[in-house]
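Structural features, examined
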Amino acid sequence: MSSVALLPRKDVGAGRVRQWSRSPANVGLARRELREALADWGLGTIEDDALVVLSELMTNAVLHAKVPGRVIKTSFRPVGCGLWISVEDASAVRPQLRAEDAAGGRGLRLVARLSYRWGVRERVGGVGKAVWAFLKASPEGRS
Ligand SMILES: Nc1ncnc2c1ncn2[C@@H]1O[C@H](COP(=O)(O)OP(=O)(O)OP(=O)(O)O)[C@@H](O)[C@H]1O
Ligand SMILES: [Mg+2]
């Protein structure tokens, strides 16, 4: 599968939406896009946390949502006092937050720690789900 993004970036309102093939190389490209967006939006203070959250969610979509031929969709949006990130994939299997003492499961625990809120919702009008996270503009605002 090609490692390039499939479609040109779409700016939706103030947000940025893009679809990617399920290639690990696209995690890096999506990170670059998020970094640029955060700079544009004056949200550079949460860049480190936001990039970790995006990496974990997108890596999960690449590794765990193995639906042949289906793409991953990322959405970034500045909202109120923070940033909303969503990663959609075509698998109906839901993420499982693993216990602290589990061998794996570091990724979602990190997402939970770095975000103010995170969650999963079904995709409107499509198969699969969106895993989303909201990060407050000041990291002290984490819950
Ligand atoms: N997008 C997804 N689609 C389907 N299952 C998922 C998805 N994201 C996570 N999961 C499930 O939730 C589990 C926990 O995810 P988590 O990211 O915490 O750990 P991991 O990916 O297994 O390991 P790592 O510590 O490397 O992230 C995964 O093992 C997988 O079973
Ligand atoms: Mg993971």
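Below, the structure is looked at part by part. A quick note: this is a predicted structure, and the numbers were derived from the prediction, not measured.

1. Details of the overall build of the protein chain
Across its full length, the protein chain holds three helices and six strands. Helices (α) and strands (β) of the protein chain occur, in sequence order from the N terminus, as β-β-α-α-β-β-α-β-β. Here the analysis covers contacts within the protein chain between residues at least 6 apart in sequence; of these, 58% occur between residues at least 24 apart.

2. Things to note about the nonpolar core
Counting residues in each nonpolar core, the largest one holds 27 residues, and the members touching the most others are Ala-50, Val-53, Leu-54, Leu-57, Met-58, Ile-85 and Ala-133. The dominant element in this core, judged by the number of residues it contributes, is helix α2 (residues 47-64), at seven residues. If near-sequence neighbours (up to four positions away) are discounted, Leu-57 is found in contact with Ile-85, Val-87, Val-111, Val-131 and Ala-133.

3. A closer look at the pairing of strand β2 (residues 15-20)
Only one face of β2 is covered, namely the face carrying Arg-16, Arg-18 and Trp-20; the face carrying Gly-15, Val-17 and Gln-19 is uncovered. Bridge count for β2 against strand β3 (residues 72-79) is five bridges, and the pairing is antiparallel. What sits directly across from Val-17, in β3, is Ser-75.

4. So, the packing of helix α1 (residues 25-40) against α2
Between α1 and α2, the shortest axis-to-axis distance is 10 Å and the interhelical angle comes to 150°. Relative to α2, the element α1 lies roughly antiparallel. With respect to the hand of their crossing, α1 and α2 are arranged in right-handed fashion. Only Glu-47, Ala-50, Leu-51, Leu-54, Ser-55, Met-58, Thr-59 and Val-62 of α2 make contact with α1, whose side of the interface consists of Val-27, Ala-30, Arg-31, Leu-34, Arg-35 and Leu-38. Residue classes in the contact of α1 with α2 are distributed as nine nonpolar, two polar and three charged.

5. Some points on the site of ligand 1
Around ligand 1, the structure places 17 residues, and the nearest of them are Asn-60, Pro-95, Arg-106, Gly-107 and Leu-108. Breaking the shell around ligand 1 down by element, the ones donating at least two residues are α2 and α3 (106-114). Of the residues in the shell around ligand 1, the class split is six nonpolar, seven polar and four charged.

6. A look at the environment of Cys-81
Locating Cys-81 in the fold gives a position in the loop between β3 and β4 (82-89). In this structure Cys-81 comes out as partly exposed when scored by C-beta crowding, with 13 C-beta atoms within 10 Å. Sequence separation of Cys-81 and Leu-135 is 54 residues, and the distance between their C-alpha atoms is 8.6 Å. Excluding its chain neighbours within four sequence positions, the residues that come into contact with Cys-81 are Lys-136 and Ala-137.

7. Quick look at the pairing of β4
Burial of β4 is extensive: seven of the eight residues sit out of reach of the surface. Between the end of β3 and the start of β4, which pair antiparallel, lie two residues, with Gly-80 showing a positive phi angle near 50°. Examined bridge by bridge, β4 and strand β6 (residues 129-136) share eight bridges and lie antiparallel to one another. Residue Val-87 lies in a different strand from β6, and its bridge partner there is Val-131.

8. With respect to the environment of Glu-47
The topology assignment puts Glu-47 in helix α2. Between the C-alpha atoms of Glu-47 and Arg-31, which are 16 residues apart in sequence, the distance is 9.8 Å. Those residues in contact with Glu-47 that lie beyond four places of it in its chain are Arg-35 and Leu-38.

How each quantity is defined
Residues numbered from 1 in each chain as written. Chains lettered and ligands numbered in written order. Predicted model: local features only at pLDDT ≥ 70, side-chain atom pairs only at ≥ 80, totals over all residues. Helix = DSSP H or I, 4+ residues; strand = E, 2+ residues; numbered from the N terminus. Contact = placed C-beta atoms within 7 Å. Core = buried A, V, L, I, M, F, W, Y, C linked by C-beta atoms within 7 Å. Buried ≥ 20, exposed ≤ 12 C-beta atoms within 10 Å, placed from the backbone. Pairing = 2+ DSSP bridges. Axes fitted to C-alpha atoms, helices over the stretch in contact; angles between N-to-C directions. Parallel < 35°, antiparallel > 145°, perpendicular 65-115°, else oblique. Left-handed = near helix turned anticlockwise from the far one by under 90°. Nonpolar A, V, L, I, M, F, W, Y, C, P; charged D, E, K, R; others polar. Near = placed C-beta within 6 Å.

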